[in-house]
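Summary of the model geometry
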Amino acid sequence: MDSQSYMPVPPGIGMEENFFSLDDILLSHERLPCRTESAFPRLGFLEKSSETRDIPEGTKMEMPLWLAKGLYERKRRVLSLELPKVYREGWRTVFGADPTVVDLHKMGPYYYGLGSQMLHFDSPENPEIANTILQTFIGRFRRTMDSSQNAYNEDTSALVERLDCLERSLFKAGQSGLNSFQLWEKGRSSHLTASSLVINYRKRKITDLQA
């Protein structure tokens, strides 16, 4: 029986979100560079560098992803977003040359997740962003999984420190699969053990008999 008190909830796929996932909750608080296209009355407290009561039109500021998505409207231009630098053309060129050399965790621990969420906002660069995210994942996937399979019972901290959160999950899944395979090879995968509920019940029964 699994003794974990919390079973991790996987994040959403692509542009979807899973509101029960801790990773998606943390992702929604990633800050994005924005520019207000109209005045925001009585919201001056959102801009820490301003002492005014309102946020005037044309103000450049940062907003968490969840707030930017809530305020963004395609028909009524309330605010516009600037691309985070890791999704701009210069970095897309780097990823296109060799995605394995980039420290994705340093650039942003939610590279794939945030990039997918950026597609909610209208931008002429969206097709290029989507393609770069896909090709980066493809280009780094084999190396990530190979590393997970060749680091059995070793310190993996150096291997995972450059990985995005999604890649870390894949690395962990690869290690788990390798561990299960090693147990199967040793003939230990089919061993049955009593659950903690049965063990506790037996202890209580023995205590009752001794009383």
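Residues numbered from 1 in each chain as written. Predicted model: local features only at pLDDT ≥ 70, side-chain atom pairs only at ≥ 80, totals over all residues. Heavy atoms only, no water.

Named according to an unreviewed UniProt entry, the protein is DNA replication complex GINS protein PSF3 originating from Cirrhinus molitorella. Here the protein is described in UniProt, under the heading Sequence similarities (unreviewed entry), as follows: "Belongs to the GINS3/PSF3 family." According to the UniProt record, the Subunit (unreviewed entry) comment for the protein reads "Component of the GINS complex." (UniProt positions renumbered as here; feature names shortened; annotations may be inferred.)

Within the protein, the regular secondary structure consists of nine helices and three strands. Mapped in sequence order, the helices and strands of the protein form the string α-β-β-α-β-α-α-α-α-α-α-α. Taking all 211 residues of the protein together, 30% fall into the buried category. Relative to all contacts within the protein whose residues are 6 or more apart in sequence, the contacts with residues 24 or more apart total 61%. Surface summary for the protein: the accessible area is close to 14,400 Å², and the carbon and sulfur share equals 56%. (Helix = DSSP H or I, 4+ residues; strand = E, 2+ residues; numbered from the N terminus. Buried < 20%, exposed > 50% of the residue type's maximum accessible area, 1.4 Å probe, protein only. Contact = heavy atoms within 4.5 Å. Areas by Shrake-Rupley, 256 points an atom, 1.4 Å probe, with all protein chains shown as cover.)

What follows concerns helix α5 (residues 111-118). Among the eight residues that make up α5, seven are buried, leaving the element largely enclosed by the rest of the structure. Taken together, the buried positions of α5 are Tyr111, Tyr112, Leu114, Gly115, Ser116, Gln117 and Met118.

Viewed as axis vectors pointing N to C, α5 and helix α6 (residues 126-149) meet at an angle of 160°, and their least axial separation amounts to 10 Å. The angle between α5 and α6 falls in the class roughly antiparallel. Considering the relative orientation of α5 and α6, their crossing is left-handed. Here Tyr111, Tyr112, Gly115, Ser116 and Met118 of α5 lie close against α6, whose contacting residues are Asn126, Ile129, Thr132, Ile133, Thr136, Phe137 and Arg140. In terms of residue class, the contact of α5 with α6 is built from six nonpolar, five polar and one charged. (Axes fitted to C-alpha atoms, helices over the stretch in contact; angles between N-to-C directions. Parallel < 35°, antiparallel > 145°, perpendicular 65-115°, else oblique. Left-handed = near helix turned anticlockwise from the far one by under 90°. Nonpolar A, V, L, I, M, F, W, Y, C, P; charged D, E, K, R; others polar.)

This part is about the nonpolar core. Generally speaking, a soluble globular protein has its nonpolar side chains buried in company with each other. Membership of the largest hydrophobic core comes to 28 residues, with the highest contact counts inside it found for Leu32, Met63, Tyr87, Tyr111 and Phe121. Considering each element in turn, this core owes the most residues, four residues, to α5. Discounting residues that sit within four places of it in the chain, Tyr111 has contacts with Val86, Tyr87, Phe95, Leu104, Thr132, Ile133, Thr136 and Asp164. (Core = buried A, V, L, I, M, F, W, Y, C linked by side-chain atoms within 4.5 Å.)

Next up on the list: the pattern of salt bridges. For the structure shown, the criterion picks out five salt bridges. Note that Glu37 is salt-bridged to Arg35, the shortest N-O span being 3.2 Å. Arg142 is the salt-bridge partner of Asp146, the closest N and O atoms lying 3.8 Å from each other. Of this pair, Asp146 and Arg142 are both found in helix α6, four residues apart, which corresponds to roughly one turn of the helix. (Salt bridge = Lys/Arg side-chain N within 4 Å of Asp/Glu carboxyl O.)

Mean pLDDT over the protein: 83, with 83% of residues reaching 70 or higher. By mean pLDDT, the top-scoring element of the protein is helix α3 (residues 89-97) (94), and the lowest-scoring one is helix α9 (residues 196-210) (65). (pLDDT = per-residue confidence, 0-100.)

Let us now look at the sheet that holds strand β3 (residues 79-81). Here we have three strands laid out as an open sheet, ordered β2-β1-β3, and antiparallel in their pairing. In this open sheet, the two strands that pair with only one neighbour each are β2 (60-64) and β3. Mean inter-strand twist for the sheet, computed between neighbouring axes without regard to direction, equals 45°. Relative to β3, strand β1 (residues 31-36) runs antiparallel, the two being bridged by three bridges. Its bridge partner being in β3, Thr36 is matched across the sheet by Leu79. (Pairing = 2+ DSSP bridges.)

Our next topic: the packing of aromatic side chains. Throughout the structure, instances matching the rule amount to eight aromatic pairs. Between the aromatic rings of Phe137 and Phe141, the centroid separation amounts to 5.7 Å while the plane-to-plane angle is 35°, which identifies the pairing as tilted. Highlighted residues: Phe137 and Phe141, both in helix α6, separated by four residues, approximately one helical turn. The class of Phe141 is partly exposed, set by a relative accessible area of 37%. (Phe/Tyr/Trp six-rings, centres within 6.5 Å; stacked < 30°, edge-to-face > 60°.)

Let us look at the environment of Pro11. Structurally, the position occupied by Pro11 is in the segment before α1 (22-27). With a relative accessible area of 34%, Pro11 lands in the partly exposed category. Counting along the chain gives 13 residues from Pro11 to Asp24, while the straight-line C-alpha distance between them is 5.6 Å. Filtering out sequence-adjacent residues up to four positions away, Pro11 remains in contact with Asn18, Ser21, Asp23 and Asp24.

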